[in-house]
Every structure is written in C-alpha cells, then in structure tokens.
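Spelled out from the first residue to the last, the chains are:
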Amino acid sequence: MVFPTVSASAHPISESFAFGPLGSKTAGFQCGRFRLPLHRPLVMGILNITPDSFSDGGTHLSVHAACKRVEQMIEEGVDIIDIGGESTRPGATPISAEEELARVLPVIETLQGHDLDIPLSIDTYKPQVMRAALEAGVDMVNDIWGLRQIGALEIVASSGCGVCIMHMQGNPQTMQLEPIYQDPVREIRGFLEDRLFALEAAGIERSRICIDPGFGFGKKEQHNEMVLAHLQDLVTLGFPVLVGLSRKSFLGVTKNQDPSERLAASVTAALYALQKGARIFRVHDVGATVQALKVASKIEAAHIPHVLK
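Residues numbered from 1 in each chain as written. Predicted model: local features only at pLDDT ≥ 70, side-chain atom pairs only at ≥ 80, totals over all residues. Heavy atoms only, no water.

Caption draft 1: Up close: the pattern of salt bridges. Counted under the stated rule, the structure contains 15 salt bridges. In this structure, Glu-100 and Lys-126 form a salt bridge, with 2.8 Å as the shortest nitrogen-oxygen distance. Separated by 26 residues along the polypeptide, Glu-100 in helix 2 (residues 97–113) and Lys-126 in the loop between strand 5 (120–123) and helix 3 (127–136) bring together distant segments of the chain. Note on accessibility: Glu-100 and Lys-126 belong to one class, buried. Each of Asp-82, Asp-123 and Arg-282 takes part in a single network of salt bridges with overlapping partners. (Salt bridge = Lys/Arg side-chain N within 4 Å of Asp/Glu carboxyl O. Helix = DSSP H or I, 4+ residues; strand = E, 2+ residues; numbered from the N terminus. Buried < 20%, exposed > 50% of the residue type's maximum accessible area, 1.4 Å probe, protein only.)

Caption draft 2: Layout of helix 6 (residues 221–229). Among the residues of helix 6, His-223, Asn-224, Val-227 and Leu-228 are the ones counted as buried. Taken end-on, helix 6 shows its buried residues confined to a sector of 130°, consistent with a single buried face. (Arc of directions from axis to C-beta.)

Caption draft 3: View of the environment of Pro-90. Following the sequence through the fold, Pro-90 ends up in the loop between strand 4 (80–84) and helix 2. Look at Pro-90 and you get partly exposed, because its relative accessible area is 43%. In this structure, the C-alpha to C-alpha distance between Pro-90 and Met-175, residues 85 residues apart in sequence, is 6.7 Å. Look past the residues within four positions of Pro-90 in its chain and what remains in contact with it is Pro-172, Met-175 and Gln-176. (Contact = heavy atoms within 4.5 Å.)

Caption draft 4: Seen up close, the pairing of strand 8 (residues 209–212). Residues of strand 8 alternate between two faces, with Ile-209 and Ile-211 on one and Cys-210 and Asp-212 on the opposite face, all of them buried. Where strand 7 (residues 162–166) meets strand 8, 4 bridges bridge the pair, whose relative direction is parallel. Its bridge partner being in strand 8, Cys-164 is matched across the sheet by Cys-210. At this point the chain moves from strand 7, through helix 5 (residues 184–201), to the parallel strand 8, and the crossover so formed is right-handed. (Pairing = 2+ DSSP bridges. Right-handed = clockwise from strand over helix to strand, strands pointing away.)

Caption draft 5: Structural detail: unusual backbone geometry. The phi dihedral of Asp-115 falls on the positive side, at around 50°, and the residue is not glycine. Note on placement: Asp-115 falls in the loop between helix 2 and strand 5. Phi is positive for Arg-247, close to 60°, though the residue is something other than glycine. Given a relative accessible area of 12%, Arg-247 falls into the buried group.

As far as function goes, none of this settles anything; it's purely spatial.
Right under this line is the structure:
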C-alpha cells in the first residue's frame, strides 16, 4: 500500500499566532515530532478502530481497512490522524487496556512502518495505553479525562508529545443521563483552567497543549449550543481550541436522524466554530471539512469590502 507523503509543516508560518492572557505568542502547536502551524485551521481525522462507535463503528476494524482510511484522509488534506480503540459514546461499555492495545497497536505500528510525514494521535484516557502508543511512535495524546487518571500526567510530561485536554461531566456510561450546569461556559472554563495549571505544574510546555470543551460529553443540547455560541470565552485562555462537533446528535435536524446524514450540519458548525476562534477540528468527513475551512480562511484573509459597487 502506497501512502501519499504530506508534510504537516509544509505550510510556511508567516507570523506568530497571538494567544490570550494565559498563553504566549507561539509559532504553532508542538505535536511530538511536528510543529503544526496555527495561522490556518487544522483538521484532525477520526480513525475509530472499534465495533461500537456512534457513527462509524465496525468500519475500520482490520489493519488493512484502517490503513486504507488513513490513505484516503491524507489525500483529502488531513493534518492529524486520531486513532481510537474504545468507544466513548454515551452508554458505551468500557474495555480493558489490553483489548484497547490489541486494536490500536497493530495499526500504529503499520502506519509507522510507512514513515508517514504526519502526526498520529492516540485517543485514550488509560495511562497504560498512552505509554505503549507513545513508545510505538504516536505524537499526541487526546484524553477525554484531561489527564486525570493516575500516572497520565507523568507519562505525557516525560514525552515530547502534544496533548489535548477535554472537559467531560460524569463518565461515558452516565454522562448524558442528567447533566446539570448553572453556567456551562463558566464551569467548563474553570475546569480547563485547573487542568492547564496542573499540566504546567507537571512540566508540560504550553506549546504542547490544546483544549477541548467536550461537545456531547455530559452536556444537553442547550449546553452544547451555549458553549458553541460563546466559544471565544475559551479561546481567551490562550491555548488552541480543538472542537469535536462532527456528526454529534445535537446537530441533528430530526431526533432520529442517522449520524451519517449530518454532514452539512457538521461543516456548518465547524465554520461557526472557526469564526469563534477554534483552530483544530476533529472530524469524520475530512475532505468536505478541509474544503470548507480553506474557502472560509481564504475569504477572511482577503478582507473583502462589504460595500457593493
């Protein structure tokens, strides 16, 4: 199998990206071996090696199918590949670290054997899986628990990997039963601030960190909508904001709409998040999202006058 070679740092960085009060100016997001530019939006492609993920469960279980999907995403312009071996959809049944590793390691090792010039991320909250995946060559840890499991902080701190910390109320088994907030934006911001200081105290450089408000993780429809509407309040924390809006149920036009039918809604939500300051977009539909973000960024850069002549 021949993979196209795409350099994650192939786009020249003309200016530093200015962050808010907690951050400093930086030329990009340090993701393991890669320094990813932040003057343009980045697309993280989802690779679920699971039988029960909410949208594409069972699609990429074999190493061959997973690698074919990676090949396709690279051709479509993806910036990061996020590999997950355990579903964290609402009500999902947890699996052991051993089972998770049995799913993801063969794929990681095969991809590394092709010398891809693109960062790989491991979507896990288990320290044992983080350690093994990092040793196998992944460049980033994407943790829905925000490195709160015992040992996770130390593992990430001792590596050079990038990390995404996410907000979640409750756990995947119970998080959607009855999530309660007084002020979801303020509470999510407070949680992320606490975790950011914990990461910094552990010695994890700011340039290696991005944050995720956790759409759909312990949040009702109105909570998700409020957080998206006020996403700029999280951007001002000073770290790249990653959003996982792709095919989420709160974007459904009808209650029973199949996740695969939410492409237009997902792209629309991504463009809105871009306008609010999000920089990294975790998606199923890489090609459509890449195209939409490129068009939006090009128009924004052109500073088109609003007065028609």
